[in-house]
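Chain residues, written in single-letter form:
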Amino acid sequence: MITLDLALVGFGHVGRRFVRLLDERAEQLRREHSVECRVIGICTRRHGTARNLAGLDARAAASLVEEGGSLSAIDAPDSMPGRLAAVPPDGPTFIRDLATAAHARQHGRMVVVETTVLDITAGQPAIAHVKTALESDAHVVTANKGPAAFAYQELDLLARGAGRGFYFEGAVMDGIPIFNLVRETLPAVKLTGFRGVVNSTTNYIISAMEDGREFDEALAEMQAAGIAEADPSLDVDGWDAAAKTAALANVLLGARLTPQDVDRTGLADWSGARIREVAAAGRRVKLVARARREGATVSAVVGAEELDAADLLATLREQQNALVLETDVLGDVAIVQLGGGLTQTAYALLSDLVALRRTLPFA
Ligand code: HSE
C-alpha cells in the first residue's frame, strides 16, 4: 500500500466532485490498486487556502466552500515542518511549500491535482502550477486543457527529466480514455489525424435548437449543470474545442500548436432556423474538430459543418462527444462518449491517479 499526498490547486465544480468521488471509491482504490489518497492542501482563488499534513477532511472542505465559507477556517499551517507563510501568496508558493513539507515525510509521493479555470490566452496559471509541481518533485494530474494545449512538449520533457508523472486525461472528453488509451493500448500505431465532436455545450445547444428550443435556454441549462465554461463564450465561439484540438494534436500527433493556431469558428452564424433547415434536409450541423499530419506539418480546424446523417459524428445528441482517430495500422478507431458531465471529469482525475500509481513501486 502506498499513500499519495494530494495538493489541490483549484476547487471548483470538478475539484469538489473529485474529492467526493475519491471518498466514495477509497475502499476500491485500496483493495484493487493498493493506494490511499490523503488531501494535504487545497488552494483556491476566492475561498482561501487550507493545509494539513495529517490530511484534511476534503468532503467537509467542499461543503464549506459551497456554503460560502473560507478554507482558512480549517487551515493548519502548524502541521507543517518549517516556516510557512500564514497565507500563501499564490499557487506556485503553495505548491512549493507543501512539496517541501510532504517530501520531508515521504519523497516522491506528492501529487498536484490542478483544476483551475482555463485561460485561453496563454494557459496560465495552470502551466505555472504544473511546472512548479514538476520542479518540486511532485507528480501532476490535471483536468485543465491549458498545459497540454499550450506547452505539452516542454512539460512532458520536464516530467520525464524529473522522473515524475504528468497526466491530463480529463482535458478532452471527460473520463473517457483517450490519452491513456493511446499510450497504454496502441503501441507501434501511427496516428495520422483525428476528427471529432469534443465540446458538450455546443452539441447540446445545437440539439436543442434542432428541437425548436432557444439558444439562451439551452446554454443556461449547460451553465446550471456546471458543464459550460465559467465564461461560456469559450464554448460558443469554439475556443474550448480549439484548446482540446491543440492538446490532442500536441500529444497524439507530436504537434506544437496552441489554441490560437487552430483555424477556429464557433456557432455565431448558426441560428436555430438555419440549423433546423439543415436537419429538415436530412443532414446535421456539428461543431467538428479536425487535425491532420502532412509531412512535418500538423494543421487543425474547428468549425460548424453540415454532416451526412449517417456520419457517426452526426448521430451524437445533446452532451455526447466522439473522437475518430485516424491510424495507419487500424484504420479509423472511434471512441464515443454517450454520457458525460462533472462526475466523468472528476473520474478522469481518479483514473490518472491510478495510471500514476501503476508506475510506482509496490511498498
Ligand atoms: N465546457 C466543456 C464542454 C466542458 O462543454 O465540453 C468539458 O471540457
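For the structure itself, consult the block above.
Right, let's walk through the structure included here. None of the values given here were measured: they were computed from a predicted structure. (Residues numbered from 1 in each chain as written. Predicted model: local features only at pLDDT ≥ 70, side-chain atom pairs only at ≥ 80, totals over all residues. Heavy atoms only, no water.)

This next bit is on a nonpolar patch on the surface. A surface patch of nonpolar side chains, amounting to about 250 Å² of accessible area, comprises Leu312, Val336 and Leu338. Structurally, leucine 338 can be placed in the loop between strand E12 (332-337) and helix H13 (342-359). Note on leucine 338: relative accessible area 64%, which makes it exposed. (Patch = residues over 30% accessible without salt bridge, like charges linked within 9 Å, V, L, I, M, F, W, Y side chains within 5 Å. Areas by Shrake-Rupley, 256 points an atom, 1.4 Å probe, with all protein chains shown as cover. Salt bridge = Lys/Arg side-chain N within 4 Å of Asp/Glu carboxyl O. Helix = DSSP H or I, 4+ residues; strand = E, 2+ residues; numbered from the N terminus. Buried < 20%, exposed > 50% of the residue type's maximum accessible area, 1.4 Å probe, protein only.)

Now for unusual backbone geometry. Of note, the bond from glutamine 124 into proline 125 is cis; its omega dihedral lies within 30 degrees of zero at 5°. Here proline 125 is to be found in the loop between strand E4 (110-114) and helix H5 (126-135). Positioned with a positive phi, serine 34 is a non-glycine residue whose angle comes to about 50°. With respect to the element layout, serine 34 can be found in the loop between helix H2 (26-33) and strand E2 (35-43). The phi dihedral of aspartate 174 is positive, around 50°, even though this residue is not glycine. With respect to the helices and strands, the residue aspartate 174 is situated in the loop between strand E6 (166-167) and helix H7 (179-185).

If you trace the six strands from one edge of the open sheet to the other, you get E8-E10-E9-E7-E11-E12, paired in mixed fashion. Across the chains shown, the open sheet's two edge strands, defined by having one partner strand only, are strand E8 (263-264) and E12. Pairing between strand E11 (residues 321-327) and E12: six bridges, direction antiparallel. Bridge pairing in E12 places glutamate 326 opposite aspartate 332. Set on the sheet, helix H11 (residues 239-252) makes contact with strand E7 (191-197), E8, strand E9 (283-294), strand E10 (297-308) and E11; between it and E10 the angle comes to about 135°. (Pairing = 2+ DSSP bridges. Contact = heavy atoms within 4.5 Å. Axes fitted to C-alpha atoms, helices over the stretch in contact; angles between N-to-C directions.)

Moving on: the site of the ligand. For the ligand, the full set of nearby residues is Lys145, Val198, Asn199, Ser200, Thr201, Ile227, Ala228, Glu229, Asp235, Asp240 and Lys244. At a separation of 2.8 Å, an oxygen atom of the ligand approaches a polar side-chain atom of lysine 244. In isolation the ligand has 260 Å² of accessible area, and contact with the protein removes 89% of it. Looking at the shell around the ligand, the elements that each hand over two or more residues are helix H8 (200-210) and H11. (Near = heavy atom within 4 Å. Polar contact = N/O pair within 3.5 Å; in protein donor to acceptor, adjacent residues only side chain to side chain.)

Counting 82 residues, the largest nonpolar core has Met110 and Leu325 as the members making the most contacts within it. Looking at this core element by element, the count peaks at nine residues for H11. Contacts of methionine 110, omitting those with residues within four sequence positions, involve Asp5, Ala7, Ile40, Ile95, Leu98, Ala99, Ala102, His103, Ala138 and His139. (Core = buried A, V, L, I, M, F, W, Y, C linked by side-chain atoms within 4.5 Å.)

Let us look at the packing of H8 against helix H12 (residues 272-280). Viewed as axis vectors pointing N to C, H8 and H12 meet at an angle of 75°, and their least axial separation amounts to 8 Å. The orientation of H8 with respect to H12, classified from their angle, is roughly perpendicular. Facing Ile206, Met209 and Glu210 of H8, the residues of H12 in contact are Gly272, Ile275, Arg276 and Ala279. Each residue belonging to the contact of H8 with H12 can be placed in one class, and the counts come to four nonpolar, one polar and two charged. (Parallel < 35°, antiparallel > 145°, perpendicular 65-115°, else oblique. Nonpolar A, V, L, I, M, F, W, Y, C, P; charged D, E, K, R; others polar.)

The next thing to look at is the pattern of salt bridges. A full pass over the atoms with the stated rule returns 28 salt bridges. For glutamate 32, the salt bridge identified is with arginine 31, shortest N-O distance 3.6 Å. Residue class for glutamate 32 comes out partly exposed when judged on its relative accessible area of 45%. One salt bridge in this structure joins lysine 145 and aspartate 240, with 2.7 Å as the shortest N-O distance. With lysine 145 in the loop between strand E5 (139-142) and helix H6 (146-162) and aspartate 240 in helix H11, this pair connects stretches of sequence that are 95 residues apart. Residue lysine 145 is classed as buried on the basis of its relative accessible area of 10%. Of the residues examined, aspartate 240 reaches a relative accessible area of 0% and is grouped as buried. Within the structure, one salt-bridge network assembled from shared partners comprises Glu27, Arg30, Arg31, Glu32 and Glu36.

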